[in-house]
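The lines below spell out each chain.
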Amino acid sequence: MKDVTIILVFLFLINFTCLGQTRNTKFQLDDDDRLTITLNGNVRSAKVKNEILVGNFSDSLDYFFNEKGFPDKIIYYGLGLDVVLAKKLVNEEVHYTFKEGKLLSKLNKLSFGNDGDIYEYDENWNLTLLKEYYTNILVKETSFKYDDKNRMTEKTEYLFGGFSDYNPKTQEGKSNYLRGIEKYEYNNRDKVVLKLTYKFWENKTVEMTQYKYDEHNNLIEEGNCLSYGDPNCTIKPLFAYEYNSKNLLARKYQLAKFSPNNTDEYYFYDDKGNEVEVKGIYIYPDKEPFVGYNYKSEYDKFGNKIKEQEITGNYRSIRFEKYKIQITQYDNFQNMTLDEFIASDGSYIKTVKKVYNYDKKGNWINMETYEGRNQNDLKLVEISKREIKYFN
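Residues numbered from 1 in each chain as written. Predicted model: local features only at pLDDT ≥ 70, side-chain atom pairs only at ≥ 80, totals over all residues. Heavy atoms only, no water.

## A word on the overall build of the protein
Stated formally: The secondary structure listing takes helices from DSSP runs of H or I that are at least 4 residues long and strands from runs of E that are at least 2 residues long, numbered from the N terminus. Each residue's exposure class comes from its accessible area (1.4 Å probe, protein chains only) as a fraction of the maximum for that residue type: buried when under 20%, exposed when over 50%, partly exposed otherwise. Any two residues whose heavy atoms approach within 4.5 Å are treated as being in contact. For the purpose of counting charges, residues Lys and Arg are taken to be positive, whereas Asp and Glu are taken to be negative. His and the chain ends are not included. Throughout, a charge is located at the NZ atom of Lys, the CZ atom of Arg, the CG atom of Asp or the CD atom of Glu.
Within the protein, the regular secondary structure consists of zero helices and 29 strands. A principal-axis box enclosing the C-alpha atoms of the protein has dimensions of 65 × 60 × 50 Å. Here the protein, with 392 residues, has 40% of them falling under the buried criterion. Sequence-distant contacts in the protein: of pairs separated by 6 or more residues, those separated by 24 or more amount to 27%. In the protein, 57 positive and 61 negative side-chain charges are present, and the distance between their average locations comes to 2 Å.

## So, the state of the cysteines
The criterion, for reference: What counts as a disulfide here is a pair of cysteine sulfur atoms lying within 2.5 Å.
Enumeration over the complete set of coordinates arrives at one disulfide. Residue pairing for Cys225: its cysteine sulfur links by disulfide to Cys233, the two sulfurs lying 2.0 Å apart. Here the disulfide of Cys225 and Cys233 is right-handed, its torsion about the S-S bond being about 65°.

## Here's the deal with the packing of aromatic side chains
Quick note on the threshold: Ring geometry is summarised as follows: Phe, Tyr and Trp rings, the Trp one being its six-membered ring, pair when their centres sit within 6.5 Å, and such pairs are stacked at plane angles under 30 degrees, edge-to-face over 60 and tilted between the two. Only when the NZ of Lys or the CZ of Arg is both within 6 Å of the ring centre and within 35 degrees of the ring normal is a charge said to sit over the ring.
Taken as a whole and assessed by the stated rule, the structure comprises 17 aromatic pairs. Where Tyr284 meets Phe290, the ring centres are 5.9 Å apart and the plane angle is 5°; that geometry is what we call stacked. Centroid distance Tyr293 to Tyr295: 5.8 Å. Interplanar angle 25°. Geometry classified as stacked. Residue class for Tyr293 comes out buried when judged on its relative accessible area of 12%. According to the relative accessible area criterion, Tyr295 is buried, its value standing at 14%. Its end group placed over the ring of Tyr390, Lys361 keeps NZ or CZ at 5.3 Å from the ring centre.

## Describing the side chain of Lys354
Put simply, the test is: By definition here, a salt bridge exists when the distance from a side-chain nitrogen of Lys or Arg to a carboxyl oxygen of Asp or Glu is within 4 Å. Whenever a nitrogen or oxygen atom comes within 3.5 Å of another N or O atom, the pair is scored as a polar contact, on the condition that within protein one atom can donate a hydrogen and the other can accept it, and that pairs from neighbouring residues in sequence are kept only if both atoms are in side chains.
Inspection of the secondary structure assignment puts Lys354 in strand β27 (residues 348-358). Despite its burial, Lys354 remains without a salt bridge, the nearest opposite charge being carried by Glu382 at 5.5 Å. Separated by 3.0 Å, the side chains of Lys354 and Thr369 make a polar contact. Discounting chain neighbours no more than four positions away, the residues touching Lys354 are Met336, Thr337, Met367, Glu368 and Thr369.

## Quick notes on unusual backbone geometry
With omega at 0°, the peptide bond leading from Ser259 into Pro260 counts as cis. Along the polypeptide, Pro260 turns up in the loop between β18 (249-254) and β19 (262-269). Not every positive phi belongs to a glycine, and Thr135 is a case in point at roughly 45°. Along the chain, Thr135 turns up in the loop between β10 (127-134) and β11 (137-146). In this model, Asn136 sits at a positive phi of 70°, which is unusual for a non-glycine residue. Here Asn136 lies in the loop between β10 and β11.

## Quick notes on the environment of Cys225
Within the secondary structure, Cys225 sits in strand β16 (residues 219-228). Judged by relative accessible area, which is 10%, Cys225 ranks as buried. Here the alpha-carbon distance between Cys225 and Val54, two residues 171 residues apart in the chain, equals 49 Å. In this structure, Cys225 is in contact with Val206, Glu207, Met208, Cys233, Thr234 and Ile235, ignoring residues within four places of it in sequence.

## Comments concerning the side chain of Thr263
Locating Thr263 in the fold gives a position in strand β19. Within polar-contact distance, the side chain of Thr263 engages the side chain of Asn261 at 3.5 Å.

## Things to note about the confidence of the model for the protein
Basically, it comes down to this: pLDDT is defined as a per-residue confidence score from the predictor, taking values between 0 and 100.
With 93% of its residues at a pLDDT of at least 70, the protein reaches an overall mean of 92. Long-range and interchain partners of residues 7-12, a stretch whose pLDDT sits below 50, account for 23 contacts in this model, where long-range means more than four residues apart. Between residues 16-21, whose pLDDT stays under 50, and residues either more than four places distant or in other chains, the model counts 12 contacts.

## Brief notes about the environment of Asp147
Within the secondary structure, Asp147 is located in the loop between β11 and β12 (152-159). Each C-alpha atom, one on Asp147 and one on Lys287, is 50 Å from the other, the two residues being 140 residues apart in sequence. In terms of polar contacts, Asp147 uses its side chain to reach the backbone amide nitrogen of Lys149, at 2.9 Å.

## Quick notes on the pattern of salt bridges
Oppositely charged side chains are able to pair whenever their charged atoms sit close together. Applying the stated rule across the entire model yields 15 salt bridges. Across the salt bridge formed by Glu157 and Lys140, the nearest N and O atoms sit 3.8 Å from each other. Here the residue Glu157 occupies a position in strand β12, and Lys140 occupies one in strand β11, the gap between them amounting to 17 residues. For the salt bridge of Lys252 with Glu265, the shortest nitrogen-to-oxygen distance reads 3.5 Å. Remark: Glu265 occurs in strand β19 and Lys252 occurs in strand β18; sequence separation between them is 13 residues. Given the relative accessible area of 30%, Lys252 is considered partly exposed. Accessibility expressed as a relative area gives 12% for Glu265, which makes it buried. One connected set of salt bridges, linked through shared partners, spans Lys140, Lys155 and Glu157.

Okay, here's the thing in structure tokens:
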């Protein structure tokens, strides 16, 4: 099912489940993949250290969970990108602090003053304010408003930059830094039907985006228009979507004319809902439609993708080398053990192998990563270690 999701500045997922005697803790921060972790058991803390042998680099992560499975604090030690200092890499010690599973702050303790993000919420734990700092200078501020159903209705961004004269205490001249406003309207099923995007840095344009749904709340049509000053343009349809009997996306196509061609994309699934084929039809105004790309996939009984093949097209590459087939193997704990990328002539262009050691809970505590063109060319490139403590 395709749906419209309002993306805030961040999204994190915490999942703590009890299935028989197995309890699982998952954590994911949408804008920071390095924090993603999945562990078995009632975990108190986990320390992860990664040593990259190529380039002699290492980083580490310390997780601290409470008995509910929520994180209280996460600390990252390693290198981060300093965009002001000519995009140089600098040492970081980033502290992520939480309350009731909500991220309160993300701050680099090796920098001066506040360096990172600070979050504020209302009584319903809706994010209402995000302040982004660089070496104690407020560079961006984003505020959010909600209705009585906790649906976000407005998002406002101010961009101050690192060298402005803006004073957060007096807030004098704040309106001069207004970057944009987004406003949302909903139907009676809590789906976004209209989004207004005001862009004050582009001649004060207003973009209107409209969404339509079927009786199953699947998004079936998307359109927009652009005007200057007030939102008074006529919305034109752009994209359309169709679904199968299981409400899985079956077709995505374009209602407007695109250059140089339009694309009709078709999706096919197995009886478990795994996507097994994607086919893209290129449609040109002056010639017959043809298949522009076609991918097929296979899965194991656990839903892990074990093979993906490019039947038509020439789009997939690693370091400028094209490949047609990706074959992946997993161990009994559903962790990837082998990833192979094969070109059209049958040659291997990259192979990744991982070797694990596990504790009694089924969590890996040592992982070695090998890379090469094929299995006869593998070299050890990374060593990762975990120290995991449990409540029981």
